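# Structural overview
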Amino acid sequence: MKKLVFGACVFCAGVSAAPFDTCPSKAFLVQGNTATMYGVNLVSGSYTTFAQSVGTNNKLNGIGFSVHDRYIYGWDYSNKDIGRVGKDYVLEPIMTSGFPDTNFYVGDVAIHENAFYVYKKGASLGLYRVSLDEDSGDYLQAQRIIDGSALNLNIFDMAFAPDENASLAYSVDSNGNLHRIDVSNGTSTNLGNVGQSGTFGAVYFDVESNFYISRNQDGHVFKIDINNPANTQLFAYGPLSNTNDGARCATAPIIDDTQEPTIDYGDAPDSYGTSLSANGARHHIGDLFFGQSVSAEHLPKAADDDNGISFLTNLETGYETLISFTLSKSGYVNGWIDWNGDGQFQAAEQVVSQYQGVAGENRILVPVPVDAVAGDTWARFRVSHNRDIAPQGGIDNGEVEDLKVSVVASSLIQNSTSWKTAAFEDLWPQKGDYDFNDVVVRYRVTTSQIGNQVVRYHIEGALIAVGAGYHNAFAIRLKDIARRDVDEAQIELTIDGSQHAGSPLEANRNEAIVVIFADTREMVPVQPGCKFFRTESGCSDIQRAPYPFEISIPLATSYNANVATSAKVDPFIFAVDGHYHGPFVDQNNGRGWEVHLKNHAPTEAFDNSYLNQGDDTSLTNGYFQTSTGLPWALIINAQWDHPMERVDMSSAYPQFATFAESAGALNATWFENPVPDYQHTISNAAQN
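Residues numbered from 1 in each chain as written. Predicted model: local features only at pLDDT ≥ 70, side-chain atom pairs only at ≥ 80, totals over all residues. Heavy atoms only, no water.

## A closer look at the state of the cysteines
For clarity, the threshold we go by: Disulfides are defined in this document as cysteine sulfur pairs within 2.5 Å. Counting from the N terminus, the helices are DSSP H or I runs at least four residues long and the strands are E runs at least two residues long. Under the scheme applied here, a residue whose accessible area is under 20% of the maximum for its type counts as buried, over 50% as exposed, and between as partly exposed, the area being computed with a 1.4 Å probe on protein chains only.
Enumeration according to the criterion identifies 1 disulfide in this entry. A disulfide bridge connects cysteine 23 with cysteine 249, and the sulfur atoms are separated by 1.4 Å. The chirality of the disulfide connecting cysteine 23 with cysteine 249 is left-handed, given an S-S dihedral of about -85°. Linking cysteine 23 in the segment before β1 (27-31) with cysteine 249 in the loop between β20 (245-247) and β21 (263-265), this pair joins segments that are 226 residues apart in sequence. A relative accessible area of 31% places cysteine 23 in the partly exposed class.

Printed below as a string of structure tokens:
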């Protein structure tokens, strides 16, 4: 333990620097192995350098701003003791007694008393208090409040709440748990999780008891309601660092309205996130903006003088609109339009994402959803140096522009098919057990058209059964629709309630091929005593419901309705590369193996060398059929119960063979006449 050397100076840097003139609204941030001091505007995340060096060749950590004397106190690594910084930003060493021989990186100056607290976990360390009150009998004498095994927190900074009657400090650990620490006795309370994790090396309060934490890894500043930690917001995009420590005058407002304004706000209604209290979109003004200029304000204003953004064509449902915007210099543009008119900008309503604009005019095409609500609504555009930002929150430099726009309804027509069942036998080119339950999917197609032009496909359905030991993918080809004519960025695929990540369009194809289930075998559960999914007797009660899916496929180029009918939706299966798929299939070329409806040509990815093997006579009688005309794939225009495992289709449905061999001329309703107990009869598909 260090001891106070009587007769030695307490402040060893000569004449003490003057304290700060006021209780500043900016937060202080210290970074680096040789401490650099910054000032951070928490509203926008912008920062300025106060001092490139505070005069030490080492770190300054655990800093706190004292409301008692307006100095910044912190742990001086060069002396392994505390020091203070005044308005000249030069570190003054302070000599204390009672601290262990170590360095601390968690600390703050209390509000309720003139004392500095530091913390470090470990049984021989803990929470320490040192008085900064010259009139106190224990002035500069460190005392341990509690050891670091009893108070065992994985925290990197702490801050006192602005309450002169409470001895409470707060911090967030690396797992996102908010802790309230009573420094009078060293106890802590877990108040809940804030929904974020990481190293929060700088934490702050404002006068309204809002708590802010800055994450080292990305500089994101989060605003926390200490009474409701779940109500945590991404508040601003600040500076990132691998070493951070922060301090702030906790009795200062977040904005000093006595100074010239520096923030640009939007002007949409506040439900969109416009005012600071609603965590509105805001930028610290600089040299990056839309149009000819940008102005700053303390509060959002009614309208902008020059927005630099214009819609060159109407916003008509089902069509594209052309947007023009000018930039003062290059930057990233993100934009949102409230298509459903609910007064909020949802993630799915982002119309411009990370667009790298150039100085001068830029033009982009934005598709207007066919189901956008007609009438007045709002659009928001933001330009900044950050690629990816949200429609709310603060950021350094750039500008936010809100525009009131009007959506016009076009003559949209929607046509839906009845529910269909697609069933596949995956032993092609052999007939095998011929039970048609290897992959069973029910689905329905809705086309959206304006006039006689189809602009969107919407397909919903469910994976009903998987009776295959082989690994099969289920896909849909839009026949005669080119891949380039699909608006790939706007495709939305949901499987079992979860949004599919990335594009479901198969890469490197000229045809529009959408992969719905990449491996049906991998996705279904294998229950004890059951080999397959919803095909075996006695397994019905322990297996879950079908796997629903829904996909919206907008077209970038509309097609005449005579070409792009719902009949062009062509479901098929293909083998998954790397898995054994029978003696006729090269597992390194599984994708080249496909099964389609009878007389339906395969896709461009198909390997024609697979044809005319086993029972297949594609090259003589037509694609995917036997010599007697039996298929390996079926579409039944009804909800249909597939055969049980290893029950031949002709046994389960005796009229089927005649139907198939007559090319549909006989027994057209074969599927309505089953043999009892030969089918899997669970009928709880998503559409039922």
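## Details of the side chain of glutamine 449
Going by this rule: Contacts: residue pairs with any heavy atoms within 4.5 Å of one another.
Locating glutamine 449 in the fold gives a position in strand β34 (residues 439-450). Filtering out sequence-adjacent residues up to four positions away, glutamine 449 remains in contact with Ser411, Leu412, Ile413, Asn415, Val454, Val455 and Ala561.

## As for the environment of isoleucine 213
Looking at where isoleucine 213 falls in the secondary structure, it is placed in strand β17 (residues 211-215). Residues isoleucine 213 and isoleucine 337, 124 residues apart in the sequence, show an inter-C-alpha distance of 30 Å. Contact partners of isoleucine 213, with chain neighbours within four places excluded, come to Val172, Phe200, Ala202, Val203, His220, Val221, Phe222 and Ile224.

## Observations concerning the environment of glycine 122
Checked against the element boundaries, glycine 122 lands in strand β10 (residues 122-131). The spatial distance from the C-alpha of glycine 122 to the C-alpha of alanine 150 is 8.7 Å, given a sequence separation of 28 residues. What glycine 122 contacts, discounting residues up to four positions off in sequence, is Asp147, Gly148 and Ser149.

## Section: the nonpolar core
The nonpolar side chains of a soluble globular protein tend to be buried, and buried together. Condition: For this analysis, a nonpolar core means a set of buried residues of the types Ala, Val, Leu, Ile, Met, Phe, Trp, Tyr and Cys, connected via side-chain atoms within 4.5 Å.
With 49 residues, the main nonpolar core has Trp428, Tyr457, Ile459, Phe474, Ile481, Ile516 and Ile553 as its most contacted residues. Here this core takes 6 residues from strand β40 (residues 547-560), the largest share from any one element. Discounting chain neighbours no more than four positions away, the residues touching phenylalanine 474 are Phe424, Val439, Val441, Val515, Ile516, Phe517, Thr520, Pro571, Phe572 and Ile573. The next biggest cluster of nonpolar side chains, apart from the first, holds 31 residues, and it includes Ile155, Ala159, Phe160 and Phe200.

## Notes on the pattern of salt bridges
The criterion, for reference: Each salt bridge in this description consists of a side-chain nitrogen of Lys or Arg and a carboxyl oxygen of Asp or Glu lying within 4 Å of one another.
According to the stated counting rule, one finds 19 salt bridges in the structure shown. For arginine 477, the salt bridge goes to aspartate 570, with nearest N and O atoms at 2.6 Å. Pair noted here: arginine 477 is in strand β36 (residues 472-482) and aspartate 570 is in strand β41 (residues 569-575), with a separation of 93 residues, a long-range link. Neither arginine 477 nor aspartate 570 differs from the other in exposure class; each is buried. Between glutamate 594 and arginine 591 there is a salt bridge, with the nearest N and O atoms lying 2.7 Å from each other. Through salt bridges with shared partners, a single network forms among Glu506, Arg509, Arg591 and Glu594.

## Describing the pairing of strand β25 (residues 320-327)
Side chains on a regular strand alternate between the two faces of the sheet. Worth spelling out the cut-off: Whether two strands pair depends on DSSP finding at least two bridges between them.
As paired strands, strand β23 (residues 309-311) and β25 are joined by 3 bridges and run antiparallel to one another. Residue serine 310 lies in a different strand from β25, and its bridge partner there is serine 324. By the bridge criterion, 8 bridges tie β25 to strand β28 (residues 360-367) in an arrangement that is antiparallel. Pairing of threonine 321 across the sheet is with valine 366, part of β28.

## Here we look at the packing of aromatic side chains
The condition that has to hold: Any two of the Phe, Tyr and Trp rings considered here, Trp counted by its six-membered ring, make a pair once their centres fall within 6.5 Å; the pair's planes then place it as stacked at under 30 degrees, edge-to-face at over 60, or tilted in between. Only when the NZ atom of a Lys or the CZ atom of an Arg is both within 6 Å of the ring centre and within 35 degrees of the ring normal do we say a charge sits over the ring.
Taken as a whole and judged by the stated rule, the model has 42 aromatic pairs. Geometrically, the ring pair formed by phenylalanine 20 and tyrosine 89 is edge-to-face, given 5.5 Å between the ring centres and 65° between the ring planes. On the criterion of sequence distance, the pair formed by phenylalanine 20 in the segment before β1 and tyrosine 89 in the loop between β6 (81-85) and β7 (91-93) is long-range, its members being 69 residues apart. Under the relative-accessibility criterion, tyrosine 89 is labelled buried at 13%. Both rings, one in tyrosine 170 and one in phenylalanine 205, keep their centres 5.4 Å apart while their planes meet at 70°; by these two values the pair is edge-to-face. Within this pair, whereas tyrosine 170 is found in strand β13 (residues 168-172), its partner phenylalanine 205 is found in strand β16 (residues 200-205), the two being separated by 35 residues in sequence. Every member of this aromatic cluster is reached through a ring pair, and the members are Tyr434, Phe436, Trp640, Tyr653, Phe656, Phe659, Trp670 and Phe671. Positioned over the ring face of phenylalanine 574 is arginine 591, at 4.0 Å from the centre of the ring.

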